[in-house]
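One letter stands for each residue in the lines below.
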Amino acid sequence: MGRTNPTYRDALRAIEERWAEFRRALRRRDQPRFDRLFEYAREHADASGLLNHQNPLLPALLSIDLEQEARLDDHEERLEELEQRLSETGGEQQQSPAEGTTGGVE
């Protein structure tokens with residue numbers, strides 16, 4: 001006996017197919033970004049399937065938001081590291097000209 005309800009992954013695939021014309025109308029540079037959004041949704045398909053929401057687009061959108069939030073966190077961490085490195089090297093560069101002076105009065 002078969003299932004009466006499609007799986008969440010089937011529903012997500014159907015959503016992606018409904019948006020296919022929109023994807024084709026996008027500029028070429030945006031098409032991979034569009035595809036990436038559905039990759040994010042597929043990464044959380046197990047949790048979304050457990051939710052069994054009436055509208056499968058809502059868990060997909062939340063999954064996309066989760067992945068983008070994770071990317072923002074990663075970028076913020078990298079930015080903090082780079083800023084810290086910059087301040088450390090900037091502090092060294094500010095001290096080195098002072099070290100080169102003789103300290104005498106002219």
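This text goes with the structure placed above it.
All of the points below concern the structure found in this document. These numbers were taken from a predicted model, which means no experiment stands behind them. Residue positions are given per chain, counting from 1 as you read along its sequence in written order. Per-residue local features are limited, in this predicted model, to residues with pLDDT of at least 70; the limit for side-chain atom pairs, both in listing and counting, is 80 or more; totals at the level of whole chains, interfaces and linings are taken over all residues. The side-chain numbers reported here are obtained from all heavy atoms of the structure, hydrogens and water having been left aside.

Structural notes on the packing of helix 1 (residues 8–18) against helix 3 (residues 31–43)
Basically, it comes down to this: To define axes, lines are fitted to C-alpha atoms, for helices over the stretch in contact only, and angles between the resulting N-to-C directions are given on a 0 to 180 degree scale. The numbering of helices and of strands both runs from the N terminus, where a helix is a DSSP run of H or I of at least 4 residues and a strand a run of E of at least 2. For classification, angles of less than 35 degrees are called roughly parallel, those exceeding 145 degrees roughly antiparallel, those between 65 and 115 degrees roughly perpendicular, and all remaining angles oblique. For this analysis, residues touch if any pair of their heavy atoms sits within 4.5 Å.
Interaxial distance between helix 1 and helix 3 falls to 11 Å at its minimum, and their mutual angle equals 170°. With respect to their mutual orientation, helix 1 and helix 3 come out roughly antiparallel. Where helix 1 abuts helix 3, its residues Arg-9, Leu-12, Ile-15 and Glu-16 lie against Phe-38, Ala-41 and Arg-42.

Describing unusual backbone geometry
Of note, Asn-52 is a non-glycine position whose phi angle comes to about 55°, a positive value. For Asn-52, the location among the structural elements is in the loop between helix 4 (45–51) and helix 5 (57–99).

Description of the environment of Tyr-8
Counted only if it meets this: Any pair of nitrogen or oxygen atoms within 3.5 Å is treated as a polar contact; in protein, a donor-acceptor pairing is required on top of that, and neighbouring residues in sequence qualify only through side-chain atoms on both sides.
Looking at where Tyr-8 falls in the secondary structure, it is placed in helix 1. Those residues in contact with Tyr-8 that lie beyond four places of it in its chain are Ala-45, Ser-48, Gly-49, Pro-56, Pro-59 and Ala-60. Among the polar contacts listed, one links the side chain of Tyr-8 to the backbone oxygen of Pro-56, at a separation of 3.2 Å.

So, the pattern of salt bridges
Put simply, the rule is: By convention in these notes, a salt bridge is any Lys or Arg side-chain nitrogen within 4 Å of a carboxyl oxygen on Asp or Glu. Throughout this description, buried means an accessible area under 20% of the type-specific maximum (1.4 Å probe, protein chains only), exposed means over 50%, and partly exposed covers the range between.
With the rule as written, the count across this model stands at five salt bridges. The salt bridge partner of Glu-16 is Arg-42, with a shortest N-O separation of 2.9 Å. Of this pair, Glu-16 sits in helix 1 while Arg-42 sits in helix 3; the two residues are 26 residues apart in sequence, bridging distant segments of the chain. For Glu-16, a relative accessible area of 23% translates into the label partly exposed. Here Asp-35 ties to Arg-23 by a salt bridge, and the two come within 2.6 Å at their closest N and O atoms. Placement of Asp-35 in helix 3 and of Arg-23 in helix 2 (residues 20–25) is noted, with a sequence separation of 12 residues between them.

Don't take any of this as a statement about function, it's just geometry.
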